[in-house]
Amino acid sequence: MSDQFKETNVHPTKKVNTGLGDSQLKNTPVSILAKRQEPYLQDLNEEQRNAVEETDGPLLVLAGAGTGKTRVLTTRLSHIIQTGQAGPSQVLAVTFTNKAARQMVDRVSRLLGRPADGLWLGTFHSISARILRYNAELVNLKSDFTILDTDDQTRLLKQLLQARNIDDKRWPARTLCTMIQRWKDQGLTASDIKRIEAIDNNEFANGEAPSIFLEYQSRLQILNAADFGDLLTHCINIFKNNPDLLSAYQEKFKYILVDEYQDTNVAQYLWLRLLAATEKQNICCVGDDDQSIYGWRGAEVGNILRFEKDFSGAKVIRLERNYRSTGNILSAASGLIANNSGRLGKTLWTKGDLGSPINITGTWDGEEEARIIGSEIESLEREGNNLDEIAILVRASFQTRAFEERFINIGIPYRVIGGPRFYERQEIRDAIAYIRLLVQPDDDLAFERIINVPKKGIGDASQQIIHQLARAKNISLYSSSQLIVQTDELSSKARYALISFLDNFTRWRSLLKLNTHWELLEMMLDESGYTGIWMSDKSPQAPGRLENLKELVSAIEEFDNFGAFLEHVSLVMDREEGRPSTGSNLINNNDIDKPLQMVNIMTLHSAKGLEFDDVFLPGWEEGLFPHQLALDENGSAGLEEERRLAYVGLTRARKRIQIFFAANRRVYNQWVSAIPSRFVDEIPSENVEAKPIEPQSSNNQNEGILIADGKWQSKINYAKSSESSTFRQNTGNINAEWEEEPVKTRHTGSKYKSGDRVIHRKFGIGIVRQANGEKLEIIFDRVGKKKVIDRFVEAE
DNA sequence: GATTGTCTTTTTTTT
DNA sequence: AAAGACAATC
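Cut-offs and rules
Residues numbered from 1 in each chain as written. Chains lettered and ligands numbered in written order. Predicted model: local features only at pLDDT ≥ 70, side-chain atom pairs only at ≥ 80, totals over all residues. Heavy atoms only, no water. Core = buried A, V, L, I, M, F, W, Y, C linked by side-chain atoms within 4.5 Å. Buried < 20%, exposed > 50% of the residue type's maximum accessible area, 1.4 Å probe, protein only. Contact = heavy atoms within 4.5 Å. Pairing = 2+ DSSP bridges. Helix = DSSP H or I, 4+ residues; strand = E, 2+ residues; numbered from the N terminus. Axes fitted to C-alpha atoms, helices over the stretch in contact; angles between N-to-C directions. Parallel < 35°, antiparallel > 145°, perpendicular 65-115°, else oblique. Left-handed = near helix turned anticlockwise from the far one by under 90°. pLDDT = per-residue confidence, 0-100. Near = heavy atom within 4 Å. Polar contact = N/O pair within 3.5 Å; in protein donor to acceptor, adjacent residues only side chain to side chain. Expected span 1.5 Å × (residues − 1). 1 Å grid on protein atoms, 1.4 Å probe; cavity = no way out; pocket = protein on both sides within 12 Å on 5 of 7 lines; lining within 4 Å. Points joined across faces, edges and corners; volume = space filled by probe spheres on them. Phe/Tyr/Trp six-rings, centres within 6.5 Å; stacked < 30°, edge-to-face > 60°.

1. Focus on the nonpolar core
Then comes step 1: Judged by nonpolar contacts, the single largest core of 47 residues is most densely connected at Leu498, Phe501, Phe505, Leu521 and Phe565.
Then comes step 2: Apart from residues lying up to four places away in sequence, Leu521 is in contact with Ala431, Ile435, Leu552, Val553, Ile556 and Phe562.
Then comes step 3: Of all hydrophobic cores here, the second largest spans 44 residues; its members include Leu62, Ile147, Ile283 and Ala314.

2. Observations concerning the sheet that holds strand β7 (residues 283-287)
Then comes step 1: Reading across from one edge, β3-β2-β6-β7-β1-β8 is the order of the six strands in this open sheet, with parallel pairing throughout. Sheet topology places β3 (120-123) and β8 (315-319) at the edges, where each strand pairs with a single neighbour. Averaged over all adjacent pairs, the angle separating strand axes in this sheet is 15°, with direction ignored.
Then comes step 2: Pairing of strand β1 (residues 59-63) with β7 involves four bridges; the strand directions are parallel. Opposite Leu59, over in β7, you have Cys284 as the bridge partner.

3. Comments concerning the packing of helix α17 (residues 366-382) against helix α18 (residues 400-410)
If you want to describe how two helices pack, look at the angle between their axes and the distance between the axes.
Then comes step 1: Axis separation between α17 and α18 bottoms out at 9 Å; the angle between their running directions is 50°. Here α17 is positioned oblique relative to α18, judged by the angle of their axes. Our pair here, α17 against α18, has a crossing hand that is right-handed. Contacts between α17 and α18 involve Glu369, Ala370, Arg371, Ile373, Gly374, Ile377 and Glu378 on the former and, on the latter, Ala402, Phe403, Arg406, Phe407 and Ile410.

4. With respect to the confidence of the model for chain A
The predicted coordinates ought not to be read in detail in places where the model reports low pLDDT.
Then comes step 1: When the pLDDT values of chain A are averaged, the result is 81; 80% of them are 70 or greater.
Then comes step 2: The low-confidence segment residues 7-35, where pLDDT is below 50, has 44 contacts with residues more than four positions distant or belonging to other chains.
Then comes step 3: With pLDDT under 50 throughout, residues 574-593 is counted as low confidence; its partners more than four residues away or in other chains account for 32 contacts.

5. Digging into the protein's contact with DNA strand B
Then comes step 1: Near DNA strand B lie 30 residues; those nearest to it are Arg395, Ser397, Gly459, Ala461 and Leu629.
Then comes step 2: Here a phosphate oxygen of DNA strand B sits 3.1 Å away from a polar atom, N or O, in the main chain of Gly457.
Then comes step 3: Thr603 is positioned with one of its side-chain polar atoms (N or O) 3.0 Å from a phosphate oxygen of DNA strand B.
Then comes step 4: Where the surface near DNA strand B is concerned, the elements lending two or more residues are α21 (460-473), α28 (604-607) and α29 (628-650).
Then comes step 5: In terms of residues, the surface near DNA strand B owes the most to one element, α21, which gives three residues.

6. As for the packing of helix α11 (residues 228-241) against helix α13 (residues 266-276)
Then comes step 1: α13 packs onto α11 with a crossing angle of 30° between their chain directions and a minimal axis gap of 10 Å. Here α13 runs roughly parallel to α11, going by the angle between their axes. Along this stretch, α11 crosses α13, giving a crossing that reads as left-handed. Together, Leu232, Cys235, Ile236, Phe239 and Lys240 of α11 and Ala267, Gln268, Leu270, Trp271, Leu274 and Leu275 of α13 make up the contact between the two elements.

7. Comments concerning unusual backbone geometry
Then comes step 1: In this model, Val453 is joined to Pro454 through a cis peptide bond whose omega is 0°.
Then comes step 2: A cis amide bond links Phe625 to the next residue, Pro626, at an omega of 5°.
Then comes step 3: Turning to its location among the elements, Pro626 is positioned in the loop between β14 (612-617) and α29.
Then comes step 4: Positive phi outside glycine occurs at Asn140, with the angle close to 60°.
Then comes step 5: Along the chain, the position of Asn140 falls in the loop between α6 (124-135) and β4 (146-148).
Then comes step 6: Phi is positive for Asn474, close to 55°, though the residue is something other than glycine.
Then comes step 7: Tracing the sequence through the fold places Asn474 in the loop between α21 and α22 (477-484).

8. Points about helix α7 (residues 150-163)
Then comes step 1: With 14 residues, α7 ought to run about 20 Å at 1.5 Å a step, and its terminal C-alpha atoms sit 20 Å apart, in line with that.
Then comes step 2: Every buried residue of α7 is accounted for by Asp152, Gln153, Thr154, Leu156, Leu157, Leu160 and Leu161.
Then comes step 3: Between a side-chain oxygen at the N-terminus of α7 and the backbone nitrogen of Asp151 the separation is 3.1 Å; the capping residue is Asp149.
Then comes step 4: Backbone geometry just after α7 places Asn165 at a positive phi near 60°.

9. A few points about empty space enclosed by the protein
Then comes step 1: Within this structure, the stated rule accounts for two cavities of 30 Å³ or more.
Then comes step 2: Space inside the second largest cavity adds up to approximately 30 Å³.
Then comes step 3: Those elements that provide at least two residues to the lining of the second largest cavity are α20 (444-450) and α21.

10. Digging into the packing of aromatic side chains
Then comes step 1: Counted by the stated rule, this structure contains 27 aromatic pairs.
Then comes step 2: When the ring of Tyr434 is compared with that of Phe505, the centres are 5.9 Å apart and the planes differ by 10°; the resulting orientation is stacked. Of this pair, Tyr434 sits in helix α19 (residues 426-439) while Phe505 sits in helix α23 (residues 492-511), placing them 71 residues apart in sequence.
Then comes step 3: For the pair Tyr530 and Trp534, a centre-to-centre distance of 6.5 Å together with 75° between the ring planes defines the contact as edge-to-face. With Tyr530 and Trp534 both in helix α25 (residues 530-536), this residue pair falls four residues apart, about one helical turn.
Then comes step 4: Residue classification places Trp534 among the buried residues on the basis of a relative accessible area of 8%.
Then comes step 5: An aromatic cluster is built from Tyr434, Phe447, Tyr478, Phe501, Phe505, Trp508, Tyr530 and Trp534, whose rings are joined through pairwise contacts.

11. Details of the pairing of strand β15 (residues 653-667)
Then comes step 1: Here six bridges tie strand β9 (residues 358-365) to β15, and the two strands are oriented parallel to one another. Among the inter-strand pairings, Ile360 is bridged to a residue of β15, identified as Ile659.
Then comes step 2: In terms of strand pairing, β14 meets β15 through five bridges, oriented parallel. Counted as the bridge partner of Val615 is Ile657 from β15.
Then comes step 3: The hairpin turn running from β15 into strand β16 (residues 670-673), its antiparallel successor, is two residues long, and Tyr668 in that turn takes a positive phi close to 50°.

Written as C-alpha cells, this is what we have:
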C-alpha cells in the first residue's frame, strides 16, 4: 500500500513515533507529557474542559455562538497530540472552509509550540481529494485526474444538451449542473440511477436529466476528471467497495474532529460514518443547529439532531456561556431565533455588561444607507476604533457595491471578502488552461478553452472537425488535432494555425525541465500571443487583467511545480484574502510598515465563524432578507434558514450592532419599494433603540421614519412611495404580447404578412407574427420567437 | 471566420 | 448597468 499509511501507531507506553516534523517529541517519553498539567487547560471553563478531555468515544459539542468552539476544537486536537494519544497524522480534522483550516493549523501549532506537521486537517473536499489521489484507480481514474469547477461542468453539460438538441435557453446547463450537484450532495452516484430517477420530478427537459447525468459521468471518466461532488462520492464508493482499505483508514485515523457539523450534507455524513465506524467511535462533532445556513447546499440539520442515535453511547456537551457579545446583543439574538421551531435549544448567557442597545435605522434608499454607514464608520474611527474590527454583513453580494462606491468617495479603506474570486477571472482561467494543456494534453476542456484564444482562425467549423474525429476514434481533442493536421480536412489557414499551436506546446513541454515553471508560464503567455490580447485591448479593465496575470506568475512561484499549483487552484475555491482596496487598484500599500486597517465587507454566509466589535447589517427588508427566493422555494423551512442567517449576523458582534433597512432599492436598474424585514420586529424591543435619521441635506422623504419614545415603531408602512413609481421603468407586459392577436402589418412593401408560414434555413418552420418592412418577427415551432430579415426565409 | 450591433437576462447564499 | 447571446454584415 502506498505511503498514505506510513505513519505508525502511537502507544502511550512507547516512545512517540512521530512521522515527519515531530522532532522535538522524538525522544520524549509520552508519560511525562501526559502527567504534566497543561497550562492551556486552565483557561477553560468546566464544559470546555470536559469537551477537551473527553477524548474517547463519540462526542457532540453543542456550541452556541461565541462560546469558544474553535478554542475547544484546537485545544482538544493539541491535547490529543500532546498526551500522545495519537500522532499528528493520526488525527483527522475536518473544517468547512480552507480559511478555518488554516486558522486551526496556526492555533494548534501555537498551542503545541511547534509546527503541527502531518495533520490531516482540511475541508471535506481537500481531504477527499488527497485520499482519491492515492486510490484513483479504484474508481477508474488516474491519480493525476483533473478537478473540474462549476464553469467546466457547465460547459461540459452544455455540450451534452446541444448533442441532444435540447434548447439550453429553456433548460439551462447551469440548472442541470445544480441538480447534479444536489444529487451528489445526497451521496448519489451513477450507480444509484434508479433512485435518482425516482427523485427527479421530470421537470428538466421532460425527464432527461438522469440520463444526461449518466452521460456526464462517463464523459468525466474519459476526461480523467472529477467534479467537486465526485471528490466525496468517489471516496464513499471506494470505502464501501474496499473493506480492507477502509479499515486501514479507520485504523489510521484514531481521532476524528468535525467542525460546523450542522452544515454537513448527506454525502459528508456518509463519509464520516464510514471512517468513524470503529469500535471506539472516536468522533467529536462540534456544531450549532441555530447556525445551520447551508440547507440550500444539501446540508441536513438532521445530522446534528440525530447524532446520539447514530453513534451509540454518544455524550453531549453544551457550551452556553458566551464570551463574545454584550447582554443586549445576546438577548436580541435569542429573541429572534426563538421564532424558529425544531431547535435543540440552548440558552446563551454572559457575565458581561448589557452594552449598548441594537440600533435600527430606516433610510430612504440604498444610497442613503451607504452614506449613513459611511459616516458612522468615520465617527467610530475618530473615537479610536480599529477599522479591522468593523464589518458590514450583507445578504446578497450585489449589496456590496453601494458601500464600495461610497467608501471610495469618502476614502474609507475597505476589503471585500468574497467578490469575484481571483481564480475565476477570465484571464486567469485562460492562463490556467494553458498550464493544464501543457501538463495534461488530454484535458479537452482546457483545449477547447484556448484553442482559438487568441484568435487564430480556428473557428467553429474547424473545431467541429476536430471534435468529430476525436469522438469517432475515442481520443482526446489534442490527439485528434495531431492527426488532423496531417490531412487536408481543414482550410489551409486553420491547418497552419493548428500546426503552430501544437508545435508551441511541444516546444514548451520540452522546456519544462530547463526552465522554472513561472518562467515557462510567462513564456507561454507571451509567445502564444495571449498577453498581446490584453495589451492591445483598450477597454478600461485591460490593464487590470494584465496586472492579474503578473500576479498569477508571481503566485505560481510559491508552488513547487505546475501540478501542486493546479491542485491548489481547484481546491481553494475558498474566497481568497479578498480584494483589498483603498478605492483604486492603483493605490498600493507603499507604507508596508503599518498594515493598512480596513473595514470588512462580506456576505452573511462568509461571516460565519468570524467576530467583530462593530457589525453593520444593512438591507433588512422583506424580499431581500428574508430573501424572496428562499421563501418561494422552501417556504417556512426557507424562512427559518434565513432567520438563522440573521442570528449568525447578530452574533458576530462583540460590542455594537446597527441594523438598516431602506424604503427603496434599485434592483436590476429598477426601483423596488420594500417594507422592513419581519426580523426587525422579531428583535425584542427592550434591546433596541430606533435611531432618528440624521437630516440629510437633500429632499429626502424621511417622514416615514418615526420615533416614538426612543423605541422602534414597528409596522410603519412608509413605503407607499408614490415617488418611487416614477422611477419605475415601463417594462410593459411581456405575456400580453403573446396573448394578443397577431399584430397587423403596418408597413406596406413587406414580402410577408402576419400569419404567413415560412421556412428558415436554421430555425425551420414558423409563423410570421409581425412584419415591419423587411424586418419580420416570427414564432418558430422549434425555437420560438426570433427576429429575422425577410430574405432569410422562404414561404413554406 | 471575425466583427458589429441589438436584444435579452441577470443576482441568494459556496465547498 | 453590464455581460452574454445571436443575427447580420464584413
